[in-house]
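# A look at the structure
Each chain, written out:
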Amino acid sequence: MPYHTFKCSECIPDRAMHAVIKGPGEDLTSCLPLGYLNTIPGTISERGCAFCGAKHVIGSPMKDVIHLSHGPVGCTYDTWHTKRYISDNDNFQLKYTAATDMKEKHVVFGAEKMLKQNIIDCFKAFPHIKRMSIYQTCASALIGDDINAVAKKVMDEMPDVDIFVCNAPGFGGPSQSGGHHKINIAWIDQKVGTFEPEIKSKYVINYVGDYNIQGDSEIMIDFFQRMGIQVLSSFTGNGSYDDLRGMHLAHLNVLECARSSEYICNELRKRYGIPRLDIDGFGFEPLSASLMKVAMFFGLEKEAQAIIDDETARWRPELNWYAKRLKGKKICLWPGGSKLWHWAHVIEEEMGVKVVSVYSKFGHQGDFEKGVARCSEGALAIDDPNELEGLEAMEMLQPDCVLTGVRPGEVSKKMRVPYLNIHAYDNGPYKGFEGWVRLARDLYNAIYSPIHQLSGLDISKDEIPTDKGFMTRQ
Ligand code: CFM
């Protein structure tokens, strides 16, 4: 039976089809973990909400924008700064976040008036910023505040400002993924086609589905520019509001994270006839193939090949140095969404480490299909895991490192298993050839650091570490 039941979840029968161990010769077409369903009550899921997916994954990497949450202050404050999507305008979008700070009286009497005043105050506080995104939350959605109407009123009164409204309350989806979908559609419905940026090249793309975590987007955009391609807009890492209003003028959408932003690419194809090309900026082989794919669309193969040759010659020896030392090590690859299939095979092929488990908090079944297909035999795939299942998996699989986010990462540290933060990154960027070497280096440092062994020392017993384990000092 390829489904895997965790001991800690035996009391929750609904979890039965959410974990799978890949058997010999198993292609998993008949046995995938379920994905993207409503969270099962009582499982203590670690998913995010739709508001967070809309605002903190996709909305707020936009750089020249005041990001205002219409709701209680906790919605925006408690989720602020969880990601390091840097920008080249002095990180305006990282430094400032705004909230209307709804209280009980607003729930009773409505908060539209207060919202209008807040919008005006924000523009006064940052007179050089003329663009704003307003995010609905559960509280403002439930009382039915008409944010669109308020935004329109302000735009009528202040002709030099432009406001985007994102109606993705926390309850608007089984997870953050519901919020990704809503903000994709809201952006194309409200903003695409309302601005005409200057076209400067015969080759024009939108770079879609990368959020510039510690510079990921900049690395990729640099490759495209070196090939002579104009990157009209970046959805949304280091992205500019007005450039993104002009997405309809590109010749091609180059899509990185399909999980979070295939929706806007599909709409751009339907409404404007712009084709979509899925790429992968992680790992030498997938990245080289991706650059070549984009090049072939425009007939720029020579330019792409020159970049691939240069970068490979520069970085391959370093990658190999780490791969030799990482060979045979075991890791759990536990991201939120699409990194499970972007990384599963290539981390094994190019770094020599074995991926013993993959999981996703909010991936759809297609993500699991791709991810599990790329894993080797014996890999444990889990949908929407909870902390106890993570602990049980670590005890069972004994990984040398866990690639995940802060919450599960802190748990793994307590088990003395090192973890790498592959969401916000501690040391990124990880895209590009140099970035992939950086990931290998971070993996090597995490696994070979003596700190996790030393943290097992019981200082009350006056122990010291020796070759044979811990000994009491004589
Ligand atoms: Fe796409 Fe992302 Fe991811 Fe995602 Fe995310 Fe992320 Fe992630 Mo954290 S958009 S699905 S909702 S690649 S924030 S930049 S790292 S869980 S695997």
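If you walk through the whole model with that rule in mind, you get 30 salt bridges. Note that Arg-47 is salt-bridged to Asp-384, the shortest N-O span being 3.6 Å. Of this pair, Arg-47 sits in the loop between strand E1 (19-21) and helix H1 (50-59) while Asp-384 is found in the loop between strand E12 (380-383) and helix H16 (387-397), placing the two residues 337 residues apart along the sequence. Take Arg-47: its relative accessible area is 12%, and that puts it in the buried class.

Now for the site of the ligand. As a structural note, the neighbourhood of the ligand is formed by 15 residues, with Lys-83, Cys-257, Gly-337, Lys-339 and His-423 the closest of them. Residue classes in the shell around the ligand are distributed as seven nonpolar, six polar and two charged.

The geometry of an aromatic ring pair is captured by the separation of the ring centres together with the interplanar angle, meaning the angle of the planes. The tally for this structure, following the rule as stated, stands at 20 aromatic pairs. Judged by centre distance (4.9 Å) and plane angle (45°), the rings of Tyr-444 and Tyr-448 are tilted. With Tyr-444 and Tyr-448 both in helix H18 (residues 432-448), this residue pair falls four residues apart, about one helical turn. Overall, the relative accessible area of 41% leaves Tyr-448 in the partly exposed class. What links up through ring pairs into an aromatic cluster is the set Phe-282, Trp-343, Tyr-425, Tyr-430 and Trp-436. When the ring centre of Trp-315 is taken as reference, the NZ or CZ atom of Arg-314 above it lies at 3.7 Å. The ring centre of Trp-341 lies 3.6 Å from the NZ or CZ of Lys-370, which sits over that ring.

This part covers the pairing of strand E13 (residues 401-404). Neither face of E13 is left uncovered, since the one carrying Cys-401 and Leu-403 and the one carrying Val-402 and Thr-404 both have all their residues buried. Judged from the three bridges that link them, strand E10 (residues 330-333) and E13 form a sheet pairing that is parallel. When the sheet's bridge partners are listed, Ile-331 is paired in E13 with Cys-401. In terms of strand pairing, E13 meets strand E14 (residues 419-421) through three bridges, oriented parallel. Its bridge partner being in E14, Val-402 is matched across the sheet by Tyr-419.

Attention now moves to the environment of Leu-94. Topologically, Leu-94 is positioned in helix H3 (residues 92-95). A relative accessible area of 13% places Leu-94 in the buried class. Taking C-alpha positions, Leu-94 is 8.3 Å from Lys-63, a pair spaced 31 residues apart along the chain.

Turning our attention to the sheet that holds strand E3 (residues 98-99). The parallel open sheet is built from four strands, whose spatial order is E3-E2-E4-E5. Single-partner strands in this sheet number two, and they are E3 and strand E5 (162-166). Contacts from H1 reach strand E2 (66-70), strand E4 (131-136) and E5, with the element oriented near 155° to E4. Against the sheet, helix H8 (residues 176-190) contacts E4 and E5, and its axis sits at roughly 145° relative to E5.

Scoring rules and cut-offs
Residues numbered from 1 in each chain as written. Predicted model: local features only at pLDDT ≥ 70, side-chain atom pairs only at ≥ 80, totals over all residues. Heavy atoms only, no water. Salt bridge = Lys/Arg side-chain N within 4 Å of Asp/Glu carboxyl O. Helix = DSSP H or I, 4+ residues; strand = E, 2+ residues; numbered from the N terminus. Buried < 20%, exposed > 50% of the residue type's maximum accessible area, 1.4 Å probe, protein only. Near = heavy atom within 4 Å. Nonpolar A, V, L, I, M, F, W, Y, C, P; charged D, E, K, R; others polar. Phe/Tyr/Trp six-rings, centres within 6.5 Å; stacked < 30°, edge-to-face > 60°. Lys NZ or Arg CZ within 6 Å of the ring centre and 35° of its normal. Pairing = 2+ DSSP bridges. Contact = heavy atoms within 4.5 Å. Axes fitted to C-alpha atoms, helices over the stretch in contact; angles between N-to-C directions.

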